[in-house]
Amino acid sequence: MSRPEDLLRDLRIDRRPEARTPASRRKWVALAVLGALVLAVLAWHATRPVVVDTALARPAAEAGPPTLLDASGFVTARRIATVSSKVTGRVAEVLIEEGMKVEEGQLLARLDPTDARAQLELATAQLASSESQLAEARTQLALAETTLARQQELLGRRLVSQAAYDQARADRDARAARLASLEKAVEVAREQRALALIGLENTEIRAPFSGVIVAKAAQPGEMVSPLSAGGGFTRTGIGTLVDMDSLEVNVDVNEAYIGRVQPKMGVNAVLNAYPDWTIPGSVIAIVPTADRSKATVKVRIALDSRDPRIVPDMGVRVSFLAPVDPEAPPPSGALVPEAAIVRASGEDGARPAVFVLEEGRVRRVEVALGAEANAERQVTAGLVGGETVVVAPPPGLRDGERAVPRASRR
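A. Representation of the overall build of the protein chain within the structure. Each helix and strand counted, the protein chain has 4 helices and 24 strands in total. Put simply, the protein chain has 410 residues, and 29% of those count as buried. Long-range pairs, those at least 24 residues apart, make up 74% of the contacts in the protein chain between residues at least 6 apart in sequence. As displayed, the protein chain offers around 26000 Å² of accessible surface, 54% of which is attributable to carbon and sulfur atoms.

Now the structure itself:
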């Protein structure tokens, strides 16, 4: 039976290098390498800069007057026309395409002129015939007047009877009446020819005003009629023409706030397609009727810009501006996006703050807040404008932490 000393000797761990096996040594080396990698990753994450969204704080003095009301609407054209022909006919040629600029009176399309040209030729022939008959009647009248004068002279000398004289006078009067009738017939023939000429001109469709073609509705070979087509196979127009100088904005204002809107008051319009472009304008008129279903009142707004980027049916957001008091001091501080404000928790008594990005690090700046306007907040103390602020700071962002703007991310 083994002695206790032998049993204790068997339980003892031999830590001498020569007593370790190769497998145990590899295990310890792998654990050491793994630990080093974990420490390296943690160190890299600890020193890696935070990627943040940024915006530039604007000086409040450059922001303009405060906004009384916001509304949305669409760009519309006061002069828009579906250009059609005056007569029904088959399209022979179309000279327009979408986006083409045309001038007033410019030829847009032609209809088949065969019938109109035939009517003009017929009217021209009828006019020539009437003019020929008129010339013959004038000659005959001249002869009748000469005969009447001769008969009157002979009657005075008692060389012809009274009956012969009366016959000559009646012939003269008849020929004078025929001449007057033929003169009227010539006038009618001329009017008919002028009407036929108008019919031929109506086969040419011209622009009623200067503008831009926004839609092409017909192709050669199709029928066009100024009347509505019952079967759906006849076009009612060649295309749609818009006068881009007549563009304005129509917005719907809630009737509860329509009292804030006044004619000629200033506005700022922002197109949905260009959210960074502010277009100044003014109120043209308040349409004196309300929409019962939406409880809104339509307001017409003129834009001060005639930029080609403004096109009909674009969505637009309009801010109605408060009147500016020229004697009031300019506002102080800066304007920042509402999402850049870090609200106080209410427990530690901290004031609202923003994170300012400076030289690759963020600095927490406590601010005093003012009025809100157009998704922006006025900061009356803490910022002066021109600072780069962090928008929607990520949770856990600390003062002095490294950060980089999202646009500068590599």
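B. Region of the structure containing the packing of aromatic side chains. Counted by the stated rule, this structure contains 1 aromatic pair. Between Tyr-274 and Trp-277, the ring centres sit 6.0 Å apart and the planes meet at 80°, which makes this aromatic pair edge-to-face. Arg-79 extends its terminal NZ or CZ atom over the ring of Phe-209, reaching a point 4.3 Å from the ring centre. One cation-aromatic arrangement involves Arg-309 over Trp-277; the distance from NZ or CZ to the ring centre is 3.8 Å.

C. Region of interest: the packing of helix 3 (residues 114–156) against helix 4 (residues 162–201). Orientation of helix 3 relative to helix 4, taken along the N-to-C sense of each, is 165°, at an axis distance of 7 Å. One element, helix 3, and the other, helix 4, form an angle in the roughly antiparallel class. Where helix 3 crosses over helix 4, the handedness of that crossing is left-handed. For the contact of helix 3 with helix 4, the class distribution of residues is 22 nonpolar, 12 polar and 11 charged.

D. Highlighting the pattern of salt bridges. Applying the stated rule across the entire model yields 20 salt bridges. The salt bridge involving Arg-110 is made with Glu-93; its shortest N-O contact spans 2.7 Å. Of this pair, Arg-110 sits in strand 7 (residues 107–111) while Glu-93 is found in strand 5 (residues 89–94), placing the two residues 17 residues apart along the sequence. With a shortest N-O distance of 2.9 Å, Arg-309 and Asp-307 are connected by a salt bridge. Put simply, Arg-78, Glu-248 and Arg-300 are held in one network by salt bridges that share partners.

E. Structural detail: the sheet that holds strand 15 (residues 278–291). Within the closed barrel, the 6 strands sit side by side as 3-13-16-15-14-17. Their pairing is antiparallel. Strand-to-strand twist of the sheet, defined as the mean angle between neighbouring strand axes without regard to direction, takes the value 40°.

F. A look at helix 3. Taking 1.5 Å as the rise per residue, helix 3 with 43 residues should run 63 Å; its terminal C-alpha atoms sit 63 Å apart, in good agreement. Listing the buried residues of helix 3 in full gives Ala-116, Leu-120, Ala-123, Leu-127, Ser-130, Leu-134, Ala-137, Leu-141, Ala-144, Leu-148 and Gln-151. Against helix 4 lie the buried residues of helix 3. At the exit of helix 3 stands Arg-158, carrying a positive phi of roughly 65°.

G. Molecular detail of the nonpolar core. By size, the foremost hydrophobic cluster in this structure holds 27 residues, and its most contacted members are Val-251, Val-253, Val-261, Val-299, Val-318 and Phe-320. Membership of the second largest hydrophobic core comes to 16 residues, among which are Val-102, Leu-111, Ala-207 and Ile-213.

Thresholds applied
- Residues numbered from 1 in each chain as written.
- Predicted model: local features only at pLDDT ≥ 70, side-chain atom pairs only at ≥ 80, totals over all residues.
- Heavy atoms only, no water.
- Helix = DSSP H or I, 4+ residues; strand = E, 2+ residues; numbered from the N terminus.
- Buried < 20%, exposed > 50% of the residue type's maximum accessible area, 1.4 Å probe, protein only.
- Contact = heavy atoms within 4.5 Å.
- Areas by Shrake-Rupley, 256 points an atom, 1.4 Å probe, with all protein chains shown as cover.
- Phe/Tyr/Trp six-rings, centres within 6.5 Å; stacked < 30°, edge-to-face > 60°.
- Lys NZ or Arg CZ within 6 Å of the ring centre and 35° of its normal.
- Axes fitted to C-alpha atoms, helices over the stretch in contact; angles between N-to-C directions.
- Parallel < 35°, antiparallel > 145°, perpendicular 65-115°, else oblique.
- Left-handed = near helix turned anticlockwise from the far one by under 90°.
- Nonpolar A, V, L, I, M, F, W, Y, C, P; charged D, E, K, R; others polar.
- Salt bridge = Lys/Arg side-chain N within 4 Å of Asp/Glu carboxyl O.
- Pairing = 2+ DSSP bridges.
- Expected span 1.5 Å × (residues − 1).
- Core = buried A, V, L, I, M, F, W, Y, C linked by side-chain atoms within 4.5 Å.

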